[in-house]
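# Structural description and commentary
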Amino acid sequence: MSQLSPVHHQINSRRCIAAASLLSASGGTVFMLLPILLGSASEYLTLNEEQAGLLASSYFAGFLLVCLSAIFWMRRVNWRYVGSMGSLILAGGLMASAMTHSYHALLALMAVSGVGAGILYGLAICILSGTQNPDRNFGIKLLTEVVLAAALLLILPVYVSDSWGFKGLMLCVAGVVTLVGLAAFWLPVSGREAVTSTETEIYQPQKNGPIWLALIALMIYFAGLSGIWAFMERIGVGHGLATDTIGMCLSFSLLGGALGAFCAALWGEKYGRTLPLVVSSVLLLAVMAIFSAPLNVSTFALASFVFAYGWNYGLPYQMGIVVSLDQKGSLAVLMSSFLSLGAIIGPAMGGMLIVSGGYGGLYIVMALAVVLGLGLFLLLHWRSSRRLSSCSL
C-alpha cells in the first residue's frame, strides 16, 4: 500500500484535478460550441439541418473510436504525452477544417478533430474516476467546461463570426485548444492500474450488468440533451432571433451550466443522488415544453439558462452512479465512449426529425430519451443503495 500512496496523492491533488478539468474543457469545446459552429457551417456551405447534424455525428464518431479503445491503454501510458498529443490532433483538425470548402472534406476533418477531443476527454474521465470524490470532481470538470465555453460564446459570435465567419471561428477555437493543452504538463505521469484485467471484465458482462446498464442510461440521456443542444442556434433562428443575439443568449445559458456544475461540486452527495437527478430532469423537460411555444429574446435566454443548469447539475451525479457501480475500476473510463455515442445519435436523429416533421417531433423524442435515462438511473441507484444497506446489516 505504501508504494501506491504517492500516486494516490498525486491524482487527488488540486493541480491534477485542475489539469484534468482544463483538458476536458478543451476536449469538450467543440461540443459546447456546437450550436454556433453548426450554424456557421450551415451558412458557409449552405447545409440543411440533416447535413449539419451529420457534421456533429462525424466529429463524435472519431471521438468514439478513441474512447472505445481507451479502456485498453489509457492507464498504461504517459498521461502528459497523451494530453499533449490529443491537444495537437484536435487543434490540427480544427485548423484544417477552417481551410476546406468541401462538405465531404469537412466531414472527414471533423472526425479527425473528434479523435483529438476523445483523447482529451477520455483522459480526464480516466483521471477523475480514480479520485476519492468523483461526484465533486466531475462537477469541477463540468464547471471548467462551461466557463471556458461561456467566454468563447460571448466573444466569438460578436467579434469573430461576423467578420471572419466559419474560418475565423475554427481558427480561434484551435488557438484556445493549443493554449489550454499546456495543462497536460501538470498531470502525473500515470495513475492507478485497474484491479483486474480489463479484458476479463469486458468479456464477463453478466458480472457487470448494472454498470453496463448505467452506461446505456448515460448514452440515452445524453442523446436527448445533445439532440436539443446541437440545434439551439437553429431553434433561436426559427423563433426570429438574430445570430449575434442567439450567441449572447447561449453564452448566458452556459453561466447557468456553470452554476449547475458549481452546485454539484459544492453539495456533492449532501442531498443524495435521487433529488438532484429528478430536479435536473424536470427542469430539462420544462425547457423543451417552453421551446415548443412562441419565444422572445428574454424567454429564449432564460430557457437556455435553465437547460444548461439542469444538464450540468444532473450529469455529475449520473457519472457518480457509474463510478460507484464500477467496483473494480476498469469500466468507468467507458463513460466517454457512451457519452460520445449519445452525442452521435442525438444530433443525427435530431436533424432527421426536424427535416421530416419539424421541431415538435424533436422535442417529443428527446424528452422521451431524458425520461427513459432518468428511470434507468433511479432504478440502478435504488437497487445499489438497498444492496449496500443489506450488506451493512
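In what follows, the structure referred to is the one given above.
These remarks concern the structure in this document. This one's a predicted model, so the numbers in the text were calculated from it and none came from an experiment. (Residues numbered from 1 in each chain as written. Predicted model: local features only at pLDDT ≥ 70, side-chain atom pairs only at ≥ 80, totals over all residues. Heavy atoms only, no water.)

### Side note on the overall build of the protein
Here is the rule we go by: Going along the chain from the N terminus, every DSSP run of H or I of four or more residues is numbered as a helix, and every run of E of two or more is numbered as a strand. We compute the radius of gyration from the C-alpha atoms alone; for a globule the expected value is 2.2 Å times N to the 0.38, where N is the number of residues. For every residue, the accessible area obtained with a 1.4 Å probe (protein chains only) is divided by the maximum for its type, and the residue is called buried under 20%, exposed over 50%, and partly exposed between those limits. By the convention used here, residues are in contact when the closest approach between their heavy atoms is within 4.5 Å. Only the protein chains shown count as cover for residues, and all accessible areas are computed by the Shrake-Rupley method using a 1.4 Å probe.
Assigned secondary structure in the protein consists of 16 helices and zero strands. In summary, the protein has a C-alpha radius of gyration of 20 Å against a globular reference of 21 Å for 393 residues, a match within 12%. Seen through its C-alpha atoms, the protein measures out along the principal axes to roughly 60 × 40 × 35 Å. Taken over 393 residues, the protein has a buried fraction of 58%. Put simply, of all contacts in the protein between residues at least 6 apart along the chain, 86% involve residues at least 24 apart. Entry remark: accessible area of the protein is about 15,400 Å², with carbon and sulfur atoms responsible for 68%.

### Re the packing of helix 6 (residues 79-99) against helix 8 (residues 134-180)
Stated precisely, the cut-off is as follows: Here an angle of 0 to 180 degrees is reported between the N-to-C directions of two axes, which are lines fitted to C-alpha atoms, with helices fitted over the stretch in contact. Each angle receives one of four descriptions, namely roughly parallel if under 35 degrees, roughly antiparallel if over 145, roughly perpendicular if within 65 to 115, and oblique otherwise. Note: crossing handedness is left-handed where the near helix turns anticlockwise from the far helix by less than a right angle, and right-handed where it turns clockwise. When residues are sorted by character, Ala, Val, Leu, Ile, Met, Phe, Trp, Tyr, Cys and Pro go into the nonpolar class, Asp, Glu, Lys and Arg into the charged class, and all the rest, Gly among them, into the polar class.
Two numbers describe how helix 6 lies on helix 8: the axes approach to 8 Å, and their chain directions differ by 165 degrees. Classified by the interaxial angle, the pair formed by helix 6 and helix 8 is roughly antiparallel. Considering only the axes of helix 6 and helix 8, their crossing is left-handed. Residues S87, L90, A91, L94, M95, S97, A98 and M99 of helix 6 lie in contact with helix 8, whose contacting residues are F166, K167, M170, L171, V173, A174, V177 and T178. Broken down by class, the residue content of the contact of helix 6 with helix 8 amounts to twelve nonpolar, three polar and one charged.

### Side note on a nonpolar patch on the surface
The following threshold applies: Each patch is built from salt-bridge-free residues with over 30% relative accessible area, joining like charges within 9 Å and nonpolar side chains (Val, Leu, Ile, Met, Phe, Trp, Tyr) within 5 Å. The salt bridge criterion pairs a side-chain nitrogen of Lys or Arg with a carboxyl oxygen of Asp or Glu, the two atoms within 4 Å.
Taken together, the side chains of L154, I155, V158, Y159 and M248 make up a nonpolar region of the molecular surface, amounting to roughly 490 Å² of accessible area. Among the elements that line the nonpolar patch, the one with the most residues is helix 8, at four residues.

### Section: the nonpolar core
Operational definition: We call a set of buried residues a nonpolar core when its members are Ala, Val, Leu, Ile, Met, Phe, Trp, Tyr or Cys and they connect through side-chain atoms within 4.5 Å of each other.
Core analysis: the largest hydrophobic core is formed by 133 residues, its most contacted members being L34, L55, I228, W229, F291, W311 and M335. Per-element tally for this core: the top contributor is helix 8, with 15 residues.

### Considering the pattern of salt bridges
Side chains that differ in charge, positive against negative, can pair when their charged atoms come close. Going through the model one piece at a time under the given rule, you end up with three salt bridges. Note that R234 is salt-bridged to E43, the shortest N-O span being 3.9 Å. Here the residue R234 occupies a position in helix 11 (residues 232-238), and E43 occupies one in helix 4 (residues 34-45), the gap between them amounting to 191 residues. Relative accessible area serves as the criterion here: at 54%, E43 is assigned to the exposed category. A salt bridge links K141 to E145; the shortest N-O distance between them is 2.7 Å. Separated by four residues within a single helix, K141 and E145 lie in helix 8, roughly one turn from each other. Here K141 falls in the buried class, since its relative accessible area comes to 0%. Given the relative accessible area of 4%, E145 is considered buried. Three or more residues joined by partner-sharing salt bridges are found here, namely E43, E233 and R234.

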